[in-house]
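The primary structure of each chain is shown beneath.
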Amino acid sequence: MHGPDDLIGGELEGDIALACTSLLVDELVRGGMRHACLSPGSRSTPIALALARRPELTVHVHLDERSSAFFALGIAKATGALVAVACTSGTAAAEFLPAVVEASQSRTPLVVLTADRPPSLQGSGANQTIVQEHLYGSYVRAEIATPLPTPDLGADFRQAGAVLAREALRAPPGPVHANLPFRERLTPTETPVEVEDRGPRPVGRAAPSGSVAEAETDADADADGADRAAEVILGARRGVVLLGTEGSEGSTEDDIELARRLEWPVIAEPTSGARLPWVALTAGTLLLGAERWVAAHPPEVVLQIGATPLTRAARSLAAEATELVVVPRGHLDPDPLGRAAARAPHSGQLLERIPTVPSDPAWLEEWRRADAAVRTTVDELLDGWDEPFEGRIARDLAASIPSGTLVAASSMPIRDLDAYAAPRDGLRVLANRGASGIDGFVSTVLGVAATEPDTTTYALCGDLSFVYDLGALTWSGRREDLNVVIVVPNNDGGMIFSFLDQATLPEHERLFTTPHGLDLGAICAAVGVTRGSVSRGLEFATVLRRAGTQGGVQVVEVAVDRENNVRRHAEIQAAAQASLLD
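Residues numbered from 1 in each chain as written. Predicted model: local features only at pLDDT ≥ 70, side-chain atom pairs only at ≥ 80, totals over all residues. Heavy atoms only, no water.

Peer 1: Can you tell me about the overall build of the protein, naming the residues and giving the values?
Peer 2: The number of helices and strands found in the protein is 22 helices and 17 strands. Against the compact-globule benchmark of 25 Å for 582 residues, the protein has a radius of gyration of 26 Å, which places it among compact chains. Taking the principal axes of its C-alpha atoms as reference, the protein extends roughly 85 × 60 × 45 Å. For the protein, the exposed surface amounts to about 23,400 Å²; the carbon and sulfur share of it is 52%. Averaging the locations of the 50 positively and 78 negatively charged side chains of the protein gives two centres separated by 2 Å. (Helix = DSSP H or I, 4+ residues; strand = E, 2+ residues; numbered from the N terminus. Rg over C-alpha atoms; globule rule 2.2 N^0.38 Å. Areas by Shrake-Rupley, 256 points an atom, 1.4 Å probe, with all protein chains shown as cover. Lys, Arg positive; Asp, Glu negative; His and termini not counted. Charge placed at Lys NZ, Arg CZ, Asp CG, Glu CD.)

This is the structure in structure tokens:
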């Protein structure tokens, strides 16, 4: 039975709550956290003050909790470090769910701190009170429900912070959640209070760490899998390497060294970290789309490293392989149909087992010649078109920007980069490919930019991704410490549906493409963001270069005719096929 003391504490309640919460934050800072994002709210006052009063932390304030969470996600993706996102009670906490899902799927360490009403108010219909425990379900690595703060519970809060830091960073990393209920009074009187902080005790519920025996069993299974994977690879002379999004285990350097040692053609996605001139084919995705050529050059083994392949052509190559070897690198299972003959957790294990490979030099040379033919044909076509084409925008953006970071939106932008961008050095490509949503993209970009104050962060997104997250620009678009150029090919709708079966439906335009007819220039002006426009293909590089030197948040809008863009995609693929005919 709960009484009124559960709802309203004494005069020093705010001081006690702040002291306890500060101990939790201590452990997050100890775990490497240097950024926190929060949204205004009354119930979250102790959390907000505990974060804002830590000199080690940079605190970013956002009106929109969904935007705040994706901003934090961008920081965490860019740094790999703990980042906190905090909010008040009620539906504010529900706004975090999309970013939590993406963080879980993409193995990103996000610390979610939600303030809550006292437990006695649950189920009472009280203002701004919902059930917040288990709100994010299985998408969090650990969940802790702290008790109402009292002077003798300081050790519980410190332990909670230690658990959050440990579980968020433990392989595979991911989001964690602490739900922190507070009584009123919520603001401190600034009177010093003594909070017991000795002898940490277990707190709440955390993801089980597993026994030593279980860990040893897993290690044995990994070693057996690596042995089998090496055996399959050593038994083949003609293979193909598919390099997907980087993972949380192993290293990209090992991936590159393994590919070099195998001397097999490498098709590296933009987010692999290995789309480099001396590693990857220059037009690998378009080459895979040349079905007749690929059918005439079947690999004996496909080595799939990282996340599930981005394109249908790459997934088909893996699905139809005589032998498939999978190296997940900490990602969710990239072999959902269970076709793999073997798997190893990361490339380092294979390097230990594959000193040399009996490769076929003619095999690699065939793929390289075909790749060069496709690249030459495609570039000549792109350069000959004056009207803006999304494939050319992606190619020229990736080639033109200085060394640094390019963030790509889901749907068509990441696919256009994959198909048209040539390998290059000095470019890191990030994307929300864990759950592949378009929500929160602009916020993610701004979060990435917050980690790179001395350089310009570039982004490529469709008009729907841009419009979906306009709230991010409303709140953060005028920040002078964020240097961002967002390139927006505007085809007035969702063009990806023009390539899918939905294109044949009579309701295609209204239900799927969803043209918006919005004036992006007027929107940018309203939120104080500078916008440049491009109407011809040759103008793009000049406008992009100018935007990159102006500082602040810049938008480069490229007017694209949707129907013509669909035709151009078909022409490119047909030309790539034709370039490979004997």
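Peer 1: Which residues make up empty space enclosed by the protein, and what values go with them?
Peer 2: Tallied over the full model, the rule gives 4 cavities of 30 Å³ or more. Every residue lining the largest cavity is listed: Leu242, Leu243, Gly244, Ile267, Glu269, Thr285, Pro309, Thr311, Ala314 and Asp418. Split by residue class, the lining of the largest cavity holds 5 nonpolar, 3 polar and 2 charged. Roughly 50 Å³ of volume is contained in the second largest cavity. What lines the second largest cavity is Pro388, Phe389, Arg392, Ile393, Asp396, Val534, Arg536, Gly537, Phe540 and Val558. (1 Å grid on protein atoms, 1.4 Å probe; cavity = no way out; pocket = protein on both sides within 12 Å on 5 of 7 lines; lining within 4 Å. Points joined across faces, edges and corners; volume = space filled by probe spheres on them. Nonpolar A, V, L, I, M, F, W, Y, C, P; charged D, E, K, R; others polar.)

Peer 1: Can you explain the packing of aromatic side chains? Please cite residues and give values.
Peer 2: For the coordinates displayed, the defined rule picks out 4 aromatic pairs. When the centroid spacing of 4.9 Å and the interplanar angle of 85° are considered together, the rings of Trp293 and Trp367 count as edge-to-face. A residue pair is termed long-range when its members are at least 10 positions apart, and Trp293 in helix α10 (residues 291–296) and Trp367 in helix α13 (residues 361–384) qualify at 74 residues. Just as Trp293 is buried, Trp367 falls in that class too. An aromatic cluster of at least three residues, connected via ring pairs, comprises Trp293, Trp363 and Trp367. (Phe/Tyr/Trp six-rings, centres within 6.5 Å; stacked < 30°, edge-to-face > 60°. Buried < 20%, exposed > 50% of the residue type's maximum accessible area, 1.4 Å probe, protein only.)

Peer 1: Talk me through the layout of surface pockets; I want residue IDs and the actual numbers.
Peer 2: Estimates place the volume of the largest pocket at around 1,100 Å³. Taken together, 32 residues line the largest pocket, and the ones lying closest to its centre are Gly289, Thr311, Arg312, Ala313 and Gln573. Going through the elements one at a time, α9 (284–288), α10, α11 (312–319), α15 (412–420) and α22 (562–578) are the ones with two or more residues in the lining of the largest pocket. Residues that form the lining of the largest pocket fall into these classes: 19 nonpolar, 7 polar and 6 charged.

Peer 1: Give me the sheet that holds strand β12 (residues 404–408): which residues, what numbers.
Peer 2: The strand order β13-β12-β14-β15-β17-β16 describes an open sheet built from 6 strands, whose pairing is parallel. Across the chains shown, the open sheet's two edge strands, defined by having one partner strand only, are β13 (427–431) and β16 (530–534). Going across the sheet, the axis of each strand differs from the next one's by a mean of 20°, ignoring polarity. Where β12 lies against strand β14 (residues 457–460), 3 bridges are found, and the strand directions are parallel. Counterpart to Ala408 in the pairing with β14 is Leu460. Across the sheet, helix α16 (residues 441–450) touches β12, β13, β14, β15 (484–490) and β17 (553–559), and the angle it forms with β14 is around 165°. With respect to the sheet, helix α21 (residues 540–550) is in contact with β14, β15, β16 and β17, its orientation differing from that of β17 by roughly 170°. (Pairing = 2+ DSSP bridges. Axes fitted to C-alpha atoms, helices over the stretch in contact; angles between N-to-C directions. Contact = heavy atoms within 4.5 Å.)

Peer 1: Give a detailed account of unusual backbone geometry, specifying residues and quantitative values.
Peer 2: Backbone torsion omega between Ala171 and Pro172 reads -10°, so that peptide bond is classified as cis. Within the element layout of this structure, Pro172 appears in the loop between α6 (154–169) and β6 (176–181). Residue Arg185 is reached from Glu184 by a cis peptide bond, and omega for that bond is 20°. In this structure, His134 is a non-glycine residue whose phi angle is positive, near 65°.

Peer 1: Could you give an account of the nonpolar core, naming the residues involved and the relevant values?
Peer 2: Counting residues in hydrophobic clusters, the biggest one holds 49 residues, and the most contacted among them are Val85, Phe96, Leu446, Phe466, Leu473, Leu482 and Ile486. For this core, the element with the most residues is helix α3 (residues 65–79), which contributes 8 residues. The residues contacting Ile486, other than those within four sequence positions of it, are Val442, Ala459, Cys461, Phe466, Gln554, Val555 and Val556. Core analysis: the next-biggest nonpolar cluster, separate from the first, contains 37 residues, Leu28, Leu38, Ala50 and Ala142 among them. (Core = buried A, V, L, I, M, F, W, Y, C linked by side-chain atoms within 4.5 Å.)

Peer 1: Which residues make up the confidence of the model for the protein, and what values do they have?
Peer 2: Residue-level pLDDT values for the protein average 88, and 94% of them are 70 or greater. Confidence, expressed as mean pLDDT per element, reaches its minimum in the protein at helix α7 (residues 212–234) with 72 and its maximum at strand β3 (residues 83–87) with 97. This stretch, residues 201–216, has a pLDDT under 50; its non-local contacts, to residues over four places away or in other chains, come to 26 contacts. (pLDDT = per-residue confidence, 0-100.)

Peer 1: I'd love a proper account of the environment of Ala142, names of residues and values included.
Peer 2: The topology assignment puts Ala142 in the loop between β4 (110–116) and β5 (143–145). A relative accessible area of 2% means that Ala142 is categorised as buried. Remark: the alpha-carbon pair of Ala142 and Pro192, spanning 50 residues in sequence, is separated by 32 Å.

Peer 1: Just give me the short version of the pairing of β13, but keep the residues and values in it.
Peer 2: Sheet topology places β12 next to β13; 5 bridges connect them, and they run parallel. When the bridges of β13 are listed, Val407 appears paired with Leu430. Handedness of the crossover joining β12 and β13 through α15 is recorded here as right-handed. (Right-handed = clockwise from strand over helix to strand, strands pointing away.)

Peer 1: How would you explain the sheet that holds strand β7 (residues 239–243) if you had to name every residue and give the values?
Peer 2: With respect to topology, 5 strands assemble into an open sheet ordered β8-β7-β9-β10-β11, the strand pairing being parallel. Strand pairing shows two members of the sheet lacking a second neighbour, β8 (266–268) and β11 (342–343), which therefore form its edges. Together, β7, β8 and β9 (301–305) form the strand contacts of helix α8 (residues 252–262), whose direction differs from that of β9 by roughly 165°.

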